[in-house]
Amino acid sequence: MDFLELYLPRRDIINVLDMVESISDIYKRMSHACMRAGREPDAARLIAISKTVSADKVREAYGAGLREFGENRLQEAAGKAALLRELNITWHMVGHLQSNKSKVAVELFDLIHSIDSANLLRLVNRHAAEAGKVQRVLLQVKLAEEESKAGADEAGLEEMLEASASFKNIQVDGLMTVPPFFEDPVRVRPYFRRLRELAERFDLGELSMGMTGDFEAAIEEGATMVRIGTAIFGERGYA
Ligand SMILES: *Cc1c(COP(=O)(O)O)cnc(C)c1O
């Protein structure tokens, strides 16, 4: 365990080993889902959603081998990223992005999953140009009528794709969705399938879909990234 002690106090190593167990269980379920769908066992990546989770817990998950983390609030993400600067973390933005925060988002995130308008795309392109960066993004699509959810409809998606063609500092890697919640993951499958059809139609490679309750169904339907919080860090306590 010497390698862990490089960045963790010994008393935390037990926590890391517990986390290794949860994560290896998730990886097993992910690779079985891949194989059921005839995909390579490592065809989907695990993005650990660390919203509400302390920087110390993120450090433990890093100690357990994870390198990709997702946050949904900018300020919280910036605080954690500053505390964990010495770690080699790839940060993902999975929450709704307000246009007045797009500059900070470009500074902070390797991949923004939640672009949902051509206007936001234009702002991100401008800030990326200023920062001398090509910002990788996913376009968030809303596939059901849900007032409370972010995401573009299909017409909005086409509009974003047309706009992106002229944005030199944007790279559109794929699509993301947060489908309606169902107790039974079978019912969520049509949404995952629909997102894959859209990605195929527009020739986009990455599909960010699937969370703790439904990631296996998402992988069977083609997810390349699953966003998992609860199964790694436990139930979130919203204070
Ligand atoms: C919180 C969150 C997740 C993770 O949800 P879990 O059910 O805890 O795995 C995934 N995606 C988004 C966009 C989230 O906000």
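No experiment lies behind these values; they were computed from the predicted model shown. (Residues numbered from 1 in each chain as written. Predicted model: local features only at pLDDT ≥ 70, side-chain atom pairs only at ≥ 80, totals over all residues. Heavy atoms only, no water.)

A. Quick peek at the overall build of the protein chain. Broken down by element type, the protein chain carries ten helices and eight strands. With 239 residues in all, the protein chain has 51% of them scored as buried. Across the protein chain, contacts joining residues at least 24 apart in sequence account for 60% of those joining residues at least 6 apart. Split by element, the accessible area of the protein chain, about 11900 Å² in all, is 48% carbon and sulfur. Computing the positive centroid from 31 side-chain charges and the negative centroid from 38, the protein chain places the two 3 Å apart. (Helix = DSSP H or I, 4+ residues; strand = E, 2+ residues; numbered from the N terminus. Buried < 20%, exposed > 50% of the residue type's maximum accessible area, 1.4 Å probe, protein only. Contact = heavy atoms within 4.5 Å. Areas by Shrake-Rupley, 256 points an atom, 1.4 Å probe, with all protein chains shown as cover. Lys, Arg positive; Asp, Glu negative; His and termini not counted. Charge placed at Lys NZ, Arg CZ, Asp CG, Glu CD.)

B. Local environment of the environment of Leu17. In this structure, Leu17 sits in helix 2 (residues 13-36). On the accessibility criterion, Leu17 (37% relative accessible area) is partly exposed. Separated by 24 residues in sequence, Leu17 and Pro41 place their C-alpha atoms 23 Å apart.

C. The pairing of strand 8 (residues 225-228), seen in detail. Here strand 8 shows no split at all, with Met225 and Arg227 on one side and Val226 and Ile228 on the other all buried. Across four bridges, strand 1 (residues 45-49) lies against strand 8 in parallel orientation. Counterpart to Ala48 in the pairing with strand 8 is Ile228. (Pairing = 2+ DSSP bridges.)

D. The pattern of salt bridges, seen in detail. Per the counting criterion, the structure on display carries 20 salt bridges. Here Glu107 makes a salt bridge to Lys103, at a shortest N to O gap of 3.3 Å. A residue pair is termed a helical-turn pair when its members lie 3 or 4 positions apart in one helix, as Glu107 and Lys103 do in helix 5 (residues 102-108) at four residues. Since its relative accessible area comes to 55%, Glu107 is described here as exposed. (Salt bridge = Lys/Arg side-chain N within 4 Å of Asp/Glu carboxyl O.)

E. Structural context of the nonpolar core. If you look at the biggest cluster of nonpolar residues, it comprises 68 residues, and the most contacted ones within it are Phe69, Leu139, Leu175 and Ile232. If we skip the residues at most four places from it in the chain, Ile232 touches Met19, Ile23, Ile26, Leu46, Ala48 and Leu66. In terms of nonpolar packing, the next biggest core, distinct from the first, is built from seven residues, Val94, Leu138, Met176 and Met225 among them. (Core = buried A, V, L, I, M, F, W, Y, C linked by side-chain atoms within 4.5 Å.)

F. The site of the ligand, seen in detail. Around the ligand, the structure places Ile49, Lys51, Val94, Val178, Met211, Thr212, Arg227, Ile228, Gly229, Thr230 and Arg236. In this structure, an oxygen atom belonging to the ligand sits 2.8 Å away from a side-chain N or O atom of Arg236. Out of a free accessible area of 390 Å², the ligand has 88% covered by protein chains. Tallied by class, the residues present in the shell around the ligand amount to five nonpolar, three polar and three charged. (Near = heavy atom within 4 Å. Polar contact = N/O pair within 3.5 Å; in protein donor to acceptor, adjacent residues only side chain to side chain. Nonpolar A, V, L, I, M, F, W, Y, C, P; charged D, E, K, R; others polar.)

G. Here's a closer look at a negative patch on the surface. A cluster of acidic side chains, namely Glu145, Glu147, Asp153, Glu159 and Glu162, defines a negative patch on the protein surface. Note that Glu162 resides in helix 7 (residues 154-164). Judged by its relative accessible area of 60%, Glu162 falls in the exposed class. (Patch = residues over 30% accessible without salt bridge, like charges linked within 9 Å, V, L, I, M, F, W, Y side chains within 5 Å.)

H. Geometry of the side chain of His127. Following the sequence through the fold, His127 ends up in helix 6 (residues 118-131). A distance of 3.5 Å separates a polar atom in the side chain of His127 from a polar atom in the side chain of Ser102. Beyond its immediate stretch of four places on either side in the chain, His127 contacts Ser102, Lys103 and Val106.

I. Highlighting helix 2. When the terminal C-alpha atoms of helix 2 are compared, their 34 Å separation across 24 residues agrees well with the 34 Å that a helix rising 1.5 Å per residue should span. Those residues of helix 2 lying buried are Ile13, Val16, Met19, Ile23, Ile26, Met30, Ser31, Ala33 and Cys34. (Expected span 1.5 Å × (residues − 1).)

J. Looking closely at the environment of Arg189. Among the secondary structure elements, Arg189 is positioned in helix 8 (residues 189-201). Exposure remark for Arg189: the relative accessible area of 21% places this residue in the partly exposed category. Sequence separation between Arg189 and Val124 is 65 residues, and the spatial gap between their C-alpha atoms is 31 Å.

K. Molecular detail of the packing of aromatic side chains. Within the structure shown, the criterion is met by two aromatic pairs. Between Phe182 and Tyr191 the ring centres are 6.1 Å apart and the planes differ by 25 degrees, which places this aromatic pair in the stacked class. Above the ring of Tyr62, the side-chain terminus of Arg67 is found at 3.6 Å from the ring centroid. (Phe/Tyr/Trp six-rings, centres within 6.5 Å; stacked < 30°, edge-to-face > 60°. Lys NZ or Arg CZ within 6 Å of the ring centre and 35° of its normal.)

L. Focus on the packing of helix 2 against helix 3 (residues 55-63). Running from N to C, helix 2 and helix 3 point in directions that differ by 65 degrees, and their axes come no closer than 8 Å. In terms of crossing hand, the pair formed by helix 2 and helix 3 is right-handed. Counted together, Asn15, Val16, Met19 and Ile23 of helix 2 and Lys57, Glu60, Ala61 and Gly63 of helix 3 form the full contact between these two elements. (Axes fitted to C-alpha atoms, helices over the stretch in contact; angles between N-to-C directions. Left-handed = near helix turned anticlockwise from the far one by under 90°.)

The values reported here are purely geometric and, on their own, carry no functional implication.
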